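Here's the letter readout for the chains.
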Amino acid sequence: MKFLCLLALSFFYCCIATAQVSFGKPEKIVSDWKFSLQESPDAAKPGFDDSKWQSVNLPHDWSVKAQLSPTLASATGYLPGGIGWYRKSLSVPASMKGQKVYLYFEGVYNRSEVFVNGQSVGKRPNGYISFMYDITPYITYGKENAIAVKVDHSQSADSRWYTGSGIYRDAWIVYSNPTHIAQWGVFAYPVVNKQQSSLNIEVEIDNDANQTAALTIANELFSPEGKSVSKGSKTLKVTAKGKGKVNQILKVSNPALWSITNPHLYTLKTTVSKNGKVIDQSTTKTGFRTFTFDPDKGFALNNEWMKMKGVCLHHDAGVLGSAVPREVWRRRLQTLKDLGCNAIRTSHNPQAPELYELCDEMGLLVMNEAFDEWKFPKRKWLEGWNVGTPGYQGTFDFFEEWGEKDLADMVKRDRNHLSVFAWSIGNEVDYPNDPYSHPILAGTKASGFTQAMYGGFKKDAPDANELGVIAKRLVAVVKQYDRSRPVTAGLAGVAMSNETEYPGALDIAGYNYTENRYDSDHKKYPKRVIYGSENRHDYQAWKAVKDNQHIFGQFLWTGIDYLGESGAWPSRGFYSGLLDFGGFIKPRGIFRQSLWSDKPMVYAGTYPVPTSKRRGNDEPSMDAWPIWNYQDGQKIRVVCYTNGKSAKLLLNGKTVGEQKSFDDKYGIISWDIPYTAGTLEAVSLGANNEELARYTISSSKQPYALSIKAGEKSISRDRGLAQIYVQVVDEDGIPVMLSDNEITCEIEGPATLLGLEASNNQDMSDYTDNVHRVYHGKILSYIQATGKSGQVKVRFSSPWLKTVATTIDVK
């Protein structure tokens, strides 16, 4: 399927797996693990004494539980790696004898090795790929079995961002009949027509039995309301110790289409029977949709042309590190969607299965990305972003051996997620001289480069022409397992890559930050589909998408602040997100809402008028906080973000800022006014000067009390999570944005504190206890149930402030 040779091409598919394991009887094994952060040569042995080890539950990220230190790498957030061991005693019932037994890990960072009863059952160096081992030959039925996992993250600066360390996603034990659906063995994709649509289904079977198996494979499709809408079955013979595959088509009339506003999901039930007896069964969430990419018109979902309003996301959540509960991702994704976001890029690796499930359910498109580097390392900054001498640890050393298998497993695991619209095989692997080089780098500015830009052509560096060779190989892997989606990549050195076969190997080409090439490359490569795969937040970068029909979208760097890729100490991470570490909306998030959302909105933020004549000081800021506390008479700039046609400004009920129209240069309206205490109001106006929305900020007094602004009142006893947002307020209940009071969180009952997150990028203090300072007057607490029912009492206190308490019912 060659996309670039066609003027326009539509991809049709469906199907989303709901379970992380696609066959047999999976059971989570997340409780009662033992952990030690040290090399223990005998830890794999069954009789090893782990009684003095730490007791932990999965998911578990040991790095984020450590202390930040300026002696550690800024790239990975000034947090350590190391070598860790996990052990668990696992009882396999005698009644399971004759069944196959597997261990499945959603993600272990990184270079892991798994042992069962002292025997190594496999290694997996990639820390983001899900993997499974057949442990049947190593277990004893009816007895306790020793599971040990070694995690070697001793190359602690092996990434340009924070990775976390350990078994940071869920783990499962799976029991199955020797003849069963292969792992990730159900794949469904539709052809959508006006009269009748069809769901094309592939089911792959593994037969580990010693006899040929005569099977019946039945598929039944259920509507979003639970009604059976189509079904059918086929017979299949699979030889002993062999594999088999059956293809089936289910017809569906007028299916409800999955979309961003109405993400309709169907359920596919696949049943495997032998001699009339069910031996395996799985369910897969699915839906119907079409998407079209056109080099001149952009992107259409279900034949409706639209722009992707996307963000790039790393996989951590501040104080939680990489062990992120589902509820946290749900809240974050919903907040992004409320801002107008409709697409996610998984930067720069496959993420937890739950993230894709949520995008399926909530109606968010996903670009699923595999790699940040291929066979050569990139620079890893150790003393601050782009500061000092870089390091060169990384994942490149196992790319040649594992890269194609890692990519194949990503595609097979995630190809049934309706939200995934493209497979990305790499991010900025073509960054000029990091590591690849090309003679064009010695060219002129007219050719895209000057000697000063990237240091010129380096003849001893890896040859950039190899990019096309590797890309073709990776594209072939993707197409082997899924031809229903385009393959893409984020290009950093487009002008250099254009001299190679790299862009031509892709179905759609992502441009990182090179908006100035949108028009020229569209003319030079008229069959190339172009979009912004990584972009700045300023209005002109969005205008380059909005005003060019052929550019189908952009992906901001970044959607949420993330650990790592830090600046010079003190700096926890990269701070360009629409949301902060705690998932709170930042001013630039509201600015983005003014560009992306159709719902009428307005916002006002303030800061002192810059006194220097430095370049850029006249540009109104997208990072202005809603603070109205300054010195009397001080000259203050008030910026307004709105999707209205114009806006005006009131102070204490009187007009202080004349009505101004939307600014097409910066996308921000602003006024410079002298400060007077009171209430400031920004009013958004429509085309006929009608009021659309109003936003108010007021001068606050001294901190007086703590107030709970949001939080769950009831959670599940099965590791349910409450996210409680506490704000410092004055005696009138007005938020005190300038406060930095120290807060203590105390808990009574069947729950535990996972962490406190105030989202201050420069706060390098202890994040492992129950005490922390607020930032912009607020803090978020993560409180998780421990497995028992009851009532949890939570109390927040701070010296000299009125305390606040709440209760949570754990059911």
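Residues numbered from 1 in each chain as written. Predicted model: local features only at pLDDT ≥ 70, side-chain atom pairs only at ≥ 80, totals over all residues. Heavy atoms only, no water.

1. Looking at the overall build of the chain
Definition in use: Under the scheme used here, helices are H or I runs from DSSP no shorter than 4 residues and strands are E runs no shorter than 2 residues, and both carry numbers assigned from the N terminus. Note that the radius of gyration is over C-alpha atoms, with the globule rule given as 2.2 Å times the number of residues to the power 0.38. Burial status follows relative accessibility: with a 1.4 Å probe on protein chains alone, a residue under 20% of its type maximum counts as buried, one over 50% as exposed, and anything between as partly exposed. Between two residues, a contact is recorded if the distance between any of their heavy atoms is within 4.5 Å. Using the Shrake-Rupley algorithm and a 1.4 Å probe, accessible areas are obtained, with residue cover drawn only from the displayed protein chains.
Each helix and strand counted, the chain has 10 helices and 48 strands in total. A compact globule built from 811 residues should have a C-alpha radius of gyration of about 28 Å, and the chain, at 28 Å, falls within 12% of that. With respect to the principal axes defined by its C-alpha atoms, the chain has extents near 90 × 65 × 60 Å. In the chain, which comprises 811 residues, the proportion classed as buried is 61%. Considering only contacts within the chain whose residues lie at least 6 apart along the sequence, 69% involve residues at least 24 apart. Carbon and sulfur atoms make up 49% of the accessible area of the chain, which amounts to about 31,300 Å² in all.

2. Focus on the nonpolar core
What counts here: By nonpolar core is meant a set of buried Ala, Val, Leu, Ile, Met, Phe, Trp, Tyr and Cys residues that side-chain atoms within 4.5 Å join together.
Within the largest apolar cluster, 90 residues are counted, with the highest numbers of intra-cluster contacts made by L333, W374, L407 and I425. Here the element with the most residues in this core is helix α5 (residues 466–481); it accounts for 7 residues. Sequence-distant contacts of L407, that is, excluding residues within four places in its chain, are made with A370, F371, I425, L474, V477 and V478. Judged by nonpolar contacts, the second largest core, of 30 residues, contains V114, Y133, I167 and A171.

3. Regarding the packing of aromatic side chains
Note the following rule: Each pair of aromatic rings taken from Phe, Tyr and Trp, with Trp reduced to its six-membered ring, is defined by centres within 6.5 Å and is described as stacked if the planes are under 30 degrees apart, edge-to-face if over 60, and tilted in the remaining cases. Charge over a ring is defined by NZ of Lys or CZ of Arg lying within 6 Å of the ring centre and within 35 degrees of the ring normal.
Within the structure shown, the criterion is met by 40 aromatic pairs. Judged by centre distance (5.1 Å) and plane angle (90 degrees), the rings of Y78 and W569 are edge-to-face. With a gap of 491 residues between them, Y78 in the loop between β5 (54–56) and β6 (82–92) and W569 in the loop between β31 (562–563) and β32 (573–574) connect regions that are remote in the sequence. The class of Y78 is buried, set by a relative accessible area of 2%. Ring centres of W557 and Y562 lie 5.7 Å apart, and the angle between their planes is 75 degrees; this geometry places the pair in the edge-to-face category. Comparing W557 with Y562, the two get one shared label, buried. Taken together, F291, F293, F299, F421, Y531, F552 and F555 form an aromatic cluster joined through their ring pairs. One Lys or Arg, R528, reaches over the ring of Y525 and ends 4.0 Å from the middle of that ring. Directly above the aromatic system of F581 lies the positively charged group of R572, at a separation of 4.5 Å from the ring centroid.

4. Digging into the sheet that holds strand β12 (residues 171–176)
Formally: At least two DSSP bridges between two strands are needed for those strands to be called paired. Lines are fitted to the C-alpha atoms to define the axes, a helix being fitted only along its stretch in contact, and any angle between axes, read from their N-to-C directions, falls within 0 to 180 degrees.
The 4 strands are arranged β3-β12-β7-β10 in an open sheet whose pairing can be described as antiparallel. Edge positions in the open sheet fall to β3 (25–28) and β10 (131–134), since each of these has one partner strand only. Pairs of neighbouring strands in the sheet enclose a mean axial angle of 25 degrees, with direction left out of account. Alignment of β3 against β12, held across 4 bridges, turns out to be antiparallel. In the sheet register, P26 faces β12, and the bridge partner there is V174.

5. Some words on the pairing of strand β19 (residues 277–286)
Sheet topology note: the strand β18 (residues 266–274)/β19 ladder contains 9 bridges and is antiparallel. The residue bridging L268 from the neighbouring strand is T284, located in β19. Hairpin connection between β18 and β19: a loop of 2 residues separates the two successive antiparallel strands, and N275 in this loop has a positive phi of roughly 55 degrees.

6. Here's the deal with helix α10 (residues 587–596)
Across the 10 residues of α10, 10 count as buried, placing the element largely inside the fold. When α10 is considered as a whole, its buried residues turn out to be P587, R588, G589, I590, F591, R592, Q593, S594, L595 and W596.

7. With respect to the sheet that holds strand β34 (residues 635–642)
With respect to topology, 3 strands assemble into an open sheet ordered β33-β34-β37, the strand pairing being antiparallel. A single partner strand is all that each edge strand has here, and the edge strands are β33 (602–608) and β37 (669–674). Adjacent strand axes in the sheet meet at a mean angle of 25 degrees when their direction is disregarded. In terms of strand pairing, β33 meets β34 through 7 bridges, oriented antiparallel. Residue pairing across strands places Y603 opposite Y641, the latter belonging to β34.

8. Quick notes on the environment of K648
Structurally, K648 is set in strand β35 (residues 646–651). Looking at K648, the relative accessible area reads 29%, which means it is partly exposed. Considered as a pair, K648 and F105 are 543 residues apart in the sequence and their alpha carbons are 56 Å apart. Once residues within four sequence positions are removed from consideration, K648 is found in contact with G657, E658, Q659, W671, E681, A682, V683 and L685.

9. Here's the deal with the pattern of salt bridges
Test applied: Each salt bridge in this description consists of a side-chain nitrogen of Lys or Arg and a carboxyl oxygen of Asp or Glu lying within 4 Å of one another.
All chains considered together, the criterion is met by 47 salt bridges. Across the pair R719 and D170 runs a salt bridge whose closest N-O atoms are separated by 3.9 Å. In this pair, R719 is assigned in the loop between β41 (714–715) and β42 (721–729) and D170 in the loop between β11 (143–153) and β12, connecting sequence segments 549 residues apart. Its relative accessible area of 24% is what places R719 among the partly exposed residues. Judged by relative accessible area, D170 falls into the buried class, the value being 6%.

10. Comments concerning unusual backbone geometry
Most of the time, phi is negative for any residue but glycine, and the peptide bond is trans. Here the residue pair D434 and P435 is connected by a cis peptide bond, since its omega of 5 degrees sits within 30 degrees of zero. Of note, P435 is situated in the loop between β26 (420–427) and α4 (451–454). Geometrically, the link from W569 to P570 is a cis peptide bond, its omega value of 5 degrees lying close to zero. Within the secondary structure layout, P570 lies in the loop between β31 and β32. The backbone phi angle of N254 is positive, close to 45 degrees, even though this residue is not glycine. Along the chain, N254 turns up in the loop between β17 (242–253) and β18. For N254, a relative accessible area of 60% puts it in the exposed group. Its identity is not glycine, yet H776 carries a phi of approximately 55 degrees, on the positive side. Assignment of secondary structure puts H776 in the loop between β45 (771–773) and β46 (778–785). Residue class for H776 comes out buried when judged on its relative accessible area of 11%.

11. Looking at the packing of helix α1 (residues 326–338) against helix α2 (residues 353–362)
As a reminder, the rule being used: Geometric relationships in this document are graded by angle, where less than 35 degrees denotes roughly parallel, more than 145 denotes roughly antiparallel, 65 to 115 denotes roughly perpendicular, and other angles denote oblique. Each crossing is labelled by how the near helix is turned from the far one, with a counterclockwise turn of less than a right angle marking it left-handed and a clockwise turn marking it right-handed. Residues were grouped as follows: Ala, Val, Leu, Ile, Met, Phe, Trp, Tyr, Cys and Pro as nonpolar; Asp, Glu, Lys and Arg as charged; and all remaining residues, including Gly, as polar.
Between α1 and α2, the least distance of the axes is 10 Å, while the angle of their chain directions is 40 degrees. Viewed along their axes, α1 and α2 adopt a mutual orientation that is oblique. Between α1 and α2 lies a crossing whose hand is right-handed. Counting all contacts with α1, which are made through R326, W329, R330, L333, Q334 and K337, the residues of α2 involved are E354, L355, E357, L358, C359, E361 and M362. Split by residue class, the contact of α1 with α2 holds 6 nonpolar, 1 polar and 6 charged.

12. Thoughts on the environment of V203
Tracing the sequence through the fold places V203 in strand β14 (residues 196–207). As a C-alpha pair, V203 and A182 span 21 residues in sequence and 8.1 Å in three-dimensional space. Setting aside chain neighbours within four positions, we find V203 in contact with G185, I217, N219, G244, K245, V246 and T270.

Interpretation in functional terms is not warranted from these geometric data alone.
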